[in-house]
Amino acid sequence: MKPSSHYLQCHGFNIHYTAWGDTSLPVVIAWHGLARTGRDFDALAEQLSADYRVICPDTIGRGLSQWSHAPKNDYSFATYARITLDLMDALHITQAHWIGTSMGGALGLVCAAALELPAFKGRIRSLVLNDIAPEISATAVDRIKAYAGQPPAFDTVPQLEAFFRQAYAPFGFQTDAQWTHLTETSTRRLPDGRVTPHYDPNITQQFFREVPEYPMWNEYDALNIPVMVMRGANSDLISPDTIQTMHTRGPGAKGLLRSEEIAGCGHAPALNVPAQWQLVMDFLKAAG
């Protein structure tokens with residue numbers, strides 16, 4: 001099965017998303033990480049598409065979605081959440097499960113909590129946090145800012161793939177075909193003919209906001225839905241201590257939190273192998 005490709009105007013931006021599965025099925029929104037695109041979920045979405053309608057957006061500044069002319073203001077969870085609300089309304093999605101990797105998981109946390117946008121209340125049915133938590137490591141954020149803010153450029157696509165294989169080794173095992181797919185779905189050509197990752201380097205402005213967006217414990221504590229946090233065993237972004245704290249408050253204190261450690265991965269598991277698919281499918285089934 002191949003996804004269908006679509007564009008929508010959301011909160012003043014042209015947003016690209018891919019869709020899998022029949023429109024009559026329950027909806028899953030799958031949101032990618034900081035410097036990635038919605039196509040990262042192709043393998044998982046194909047597995048889910050027999051039972052779910054899976055919507056995989058590109059965040060503004062990434063993939064085929066529009067770039068911002070005011071990056072300092074627009075590359076923020078406040079803007080991303082408003083885009084999400086418009087997208088859900090435009091697609092007549094009243095409720096959805098949410099799967100988010102890294103930044104995409106944090107966005108799901110913001111939307112599900114509905115603290116800033118009460119219109120989200122009750123619309124996120126469950127939440128998968130893929131290697132993201134209410135509290136993250138400052139050292140890891142510095143690492144991400146360094147590589148994402150200065151994307152390299154290469155003469156050929158195979159050279160860019162070699163870079164991706166090194167930079168994203170923490171994603172875990174990927175076949176040669178999966179590495180090529182990751183590369184070809186996240187590459188753009190520069191005016192000088194070279195190729196570079198398909199995102200606006202200004203997306204890192206999100207980390208330089210006057211009011212920091214982390215930590216997100218208030219949002220986490222506001223949740224009253226099933227949550228699964230998946231931590232790469234070698235992750236430098238979230239610590240085991242943070243996972244333990246999550247079990248003592250918010251949905252964790254209500255018995256609504258499931259945590260899984262993913263061997264052989266750092267930040268963040270690619271959700272591209274059967275064992276990881278099964279964890280997600282079992283969680284969604286249990287969430288109802």
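Please refer to the structure higher up on the page.
Let me sum up the structure you'll find in this document. (Residues numbered from 1 in each chain as written. Predicted model: local features only at pLDDT ≥ 70, side-chain atom pairs only at ≥ 80, totals over all residues. Heavy atoms only, no water.)

1. As for the overall build of the protein
Reasoning step 1: Within the protein, the regular secondary structure consists of 10 helices and 10 strands.
Reasoning step 2: Relative to the globule expectation of 19 Å for 288 residues, the C-alpha radius of gyration of the protein, 18 Å, shows essentially globular dimensions.
Reasoning step 3: When the backbone C-alpha atoms are referred to their principal axes, the protein occupies close to 55 × 40 × 40 Å.
Reasoning step 4: Of the contacts formed within the protein by residues at least 6 apart in sequence, a portion of 77% connects residues at least 24 apart.
Reasoning step 5: For the protein, the separation between the mean place of its 22 positive charges and that of its 28 negative charges on side chains is 2 Å. (Helix = DSSP H or I, 4+ residues; strand = E, 2+ residues; numbered from the N terminus. Rg over C-alpha atoms; globule rule 2.2 N^0.38 Å. Contact = heavy atoms within 4.5 Å. Lys, Arg positive; Asp, Glu negative; His and termini not counted. Charge placed at Lys NZ, Arg CZ, Asp CG, Glu CD.)

2. Points about empty space enclosed by the protein
Here the idea is plain: a probe the size of a water molecule rolls over the atoms and shows the empty space left.
Reasoning step 1: Applying the stated criterion across every chain yields a total of one cavity of 30 Å³ or more.
Reasoning step 2: By volume, the largest cavity amounts to about 120 Å³.
Reasoning step 3: Taken together, Leu34, Phe77, Ser102, Met103, Ile132, Ile136, Val141, Ile144, Gln206, Phe207, Tyr214 and Leu237 form the lining of the largest cavity.
Reasoning step 4: Taken together, the residues that form the lining of the largest cavity break down as 10 nonpolar, two polar and no charged. (1 Å grid on protein atoms, 1.4 Å probe; cavity = no way out; pocket = protein on both sides within 12 Å on 5 of 7 lines; lining within 4 Å. Points joined across faces, edges and corners; volume = space filled by probe spheres on them. Nonpolar A, V, L, I, M, F, W, Y, C, P; charged D, E, K, R; others polar.)

3. Topic: the packing of helix α6 (residues 157-167) against helix α7 (residues 176-184)
Helix-helix packing is described using two parameters, namely the angle between the two axes and the distance between the axes.
Reasoning step 1: Closest axis-to-axis distance for the α6/α7 pair is 9 Å, and the angle between their directions is 110°. Taken together, the axes of α6 and α7 lie roughly perpendicular to each other. Residues Val157, Leu160, Glu161, Phe164 and Arg165 of α6 form the contact with α7, whose own contacting residues are Asp176, Trp179, Thr180, Leu182 and Thr183.
Reasoning step 2: When grouped by side-chain class, the residues that make up the contact of α6 with α7 number five nonpolar, two polar and three charged. (Axes fitted to C-alpha atoms, helices over the stretch in contact; angles between N-to-C directions. Parallel < 35°, antiparallel > 145°, perpendicular 65-115°, else oblique.)

4. Digging into the nonpolar core
Reasoning step 1: Counting residues in hydrophobic clusters, the biggest one holds 67 residues, and the most contacted among them are Leu223 and Met246.
Reasoning step 2: Here this core gets eight residues from one element, more than from any other, and that element is helix α4 (residues 103-113).
Reasoning step 3: Aside from chain neighbours lying at most four places away, what touches leucine 223 is Leu109, Ala112, Ala113, Leu127, Pro251 and Lys254. (Core = buried A, V, L, I, M, F, W, Y, C linked by side-chain atoms within 4.5 Å. Buried < 20%, exposed > 50% of the residue type's maximum accessible area, 1.4 Å probe, protein only.)

5. Let's talk about the pattern of salt bridges
Reasoning step 1: With the rule as written, the count across this model stands at 11 salt bridges.
Reasoning step 2: One salt bridge in this structure joins aspartate 236 and arginine 143, with 2.8 Å as the shortest N-O distance. Within this pair, whereas aspartate 236 is found in the loop between β9 (227-232) and α9 (240-246), its partner arginine 143 is found in helix α5 (residues 138-148), the two being separated by 93 residues in sequence.
Reasoning step 3: Taking relative accessible area as the criterion, aspartate 236 reaches 35% and is therefore assigned partly exposed.
Reasoning step 4: Salt bridges sharing partners connect three or more residues here, namely Glu161, Arg165 and Asp176. (Salt bridge = Lys/Arg side-chain N within 4 Å of Asp/Glu carboxyl O.)

6. Remarks on the pairing of strand β2 (residues 13-20)
Reasoning step 1: Counting buried residues in β2 gives seven out of eight residues, a clear majority hidden from the surface.
Reasoning step 2: For strand β1 (residues 4-10) and β2, the ladder comprises seven bridges, and the chain directions are antiparallel. For serine 5, the partnering residue across the bridge sits in β2 and is threonine 18.
Reasoning step 3: Two successive antiparallel strands, β1 and β2, enclose a turn made up of two residues, where histidine 11 displays a positive phi of approximately 50°.
Reasoning step 4: Sheet topology note: the β2/strand β4 (residues 53-57) ladder contains four bridges and is antiparallel. Along β4, the bridge assignment pairs tyrosine 17 with proline 57. (Pairing = 2+ DSSP bridges.)

7. Quick look at the layout of surface pockets
Reasoning step 1: One number sums up the size of the largest pocket: a volume of about 660 Å³.
Reasoning step 2: Around the largest pocket, the lining comprises 38 residues; the ones closest to its centre are Arg36, Asp40, Phe171, Leu182 and Ala270.
Reasoning step 3: Residues of the lining of the largest pocket, tallied by class, amount to 21 nonpolar, 10 polar and seven charged.

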